[in-house]
Amino acid sequence: MPPAEQLASDLWSIPVTIPNNPLRYVNCYGFGTGAGLVLLDTGWASEESWRALTAGLATAGAAVTDIRGVLVSHLHLDHSGLAGRIRQESGAWVAMHPAEHAAIARPDYRDAALAVRKEAEFLRSLGATAAEAEDVVETEEEFAPFCSVALPDRELSDGDLADVPGWRLRAVHTPGHTPGHLCFADERARRLFAGDHILPRITPNVSVQRADPVDPLRDYLRSLDRVGPMDVDEVFPAHEWRFRGLAGRAKAIAAHHERRLAELLGAIERMPGATPWELAGQLTWSRPWDAYSGRMRIHAVTETAAHVHLLERRGLVRSSGGPVPGYRRIP
Ligand SMILES: [Zn+2]
């Protein structure tokens, strides 16, 4: 765990532990000093994360009660998980993009029993059998924290300035990793707070989700195209480390997805009519396919589906339609 670190007179990096996750921590950023601090991202909804956050704030000379606002880059629990608890203790506002707000307000994102059922139905539509879906989807208990993400008091749309005194921090809507993902451009110091949109080493998961089953990879590649040319000296991501060379990294990630698309097109050619569930196992992953269980397998399948959808949009494959579509290469 890197320590909390002062990056400028009014800017702190506060790494917050993510329990049982190979990413290990999320980089939260604190804008301002002491009373009136605004936080970007919060950490996972757990005691361990809460302790890490409060300890990091103490290093920055602040307490939770000093936080006046919480910016949430996107709805995932490592970013949004403690927003509600912070608001409870400090009265802080919580802001996110309207698309994230809409997603977490859906009944199947508030009610764990419904979420489990809808998630299993969604996986079956991607080709899982009932038993396979049941095997990978979390239990109602495991789903509960995801259904308690704080609904925001404020929305931030593309181009809006965040309410951070002394800063010009502009929201940049970068859909792809989630439908309402936000980066924040610090226009004075040419920094980009990138959330999970662009990370220095790993590529963020880009998946069809039951809230947004259409074309997240197309959105994501557009968001990369948009952010790549920005006038930015240094990128401040939510995981891993700060880096320079935004344009090059954006190009490298786009090229990675083009290679995946080509690999997938080959698999569809070999297995005409295959579903995303079947196709996922044909692709190269960082570990053997059998090691992908539970949520990891869901991510792999939904990410494969995102690539299938883009191939379809590009006119390279055709869907059979129906409740469980299979795909064929268009000759
Ligand atoms: Zn994250």
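That block above? That's the structure.
Here is a short report on the structure shown in this document.

Each value, and the rule that gives it
Residues numbered from 1 in each chain as written. Predicted model: local features only at pLDDT ≥ 70, side-chain atom pairs only at ≥ 80, totals over all residues. Heavy atoms only, no water. Patch = residues over 30% accessible without salt bridge, like charges linked within 9 Å, V, L, I, M, F, W, Y side chains within 5 Å. Areas by Shrake-Rupley, 256 points an atom, 1.4 Å probe, with all protein chains shown as cover. Salt bridge = Lys/Arg side-chain N within 4 Å of Asp/Glu carboxyl O. Lys, Arg positive; Asp, Glu negative; His and termini not counted. Charge placed at Lys NZ, Arg CZ, Asp CG, Glu CD. Buried < 20%, exposed > 50% of the residue type's maximum accessible area, 1.4 Å probe, protein only. Pairing = 2+ DSSP bridges. Helix = DSSP H or I, 4+ residues; strand = E, 2+ residues; numbered from the N terminus. Contact = heavy atoms within 4.5 Å. Axes fitted to C-alpha atoms, helices over the stretch in contact; angles between N-to-C directions.

Time to look at a negative patch on the surface. Together, D111, E140, E141 and E142 make up a negatively charged patch on the protein surface. Residue class for E141 comes out exposed when judged on its relative accessible area of 72%.

Our focus in this paragraph is the sheet that holds strand β3 (residues 25–31). Strand pairing in a sheet takes place through backbone hydrogen bonds and is either antiparallel or parallel in direction. Here we have 7 strands laid out as an open sheet, ordered β1-β2-β3-β4-β5-β6-β7, and mixed in their pairing. Of all the strands in the sheet, just β1 (5–8) and β7 (154–155) have a single pairing partner and so form its edges. Examined bridge by bridge, strand β6 (residues 93–96) and β7 share 2 bridges and lie parallel to one another. The partner of M96 across the bridge, within β7, is E155. Packed on one face of the sheet, helix α1 (residues 47–59) meets β2 (11–17), β4 (37–40) and β5 (67–71) and runs near 155 degrees to β2. Relative to β6, helix α4 (residues 98–105) is tilted by about 105 degrees, and along the sheet it contacts β6 and β7.

Let us look at the environment of E312. Among the structural elements, E312 can be located in helix α12 (residues 294–313). For E312, a relative accessible area of 33% puts it in the partly exposed group. As for E312 and D215, which are separated by 97 residues in sequence, their C-alpha atoms are 9.8 Å apart. Contacts of E312, omitting those with residues within four sequence positions, involve V317, S319 and Y327.

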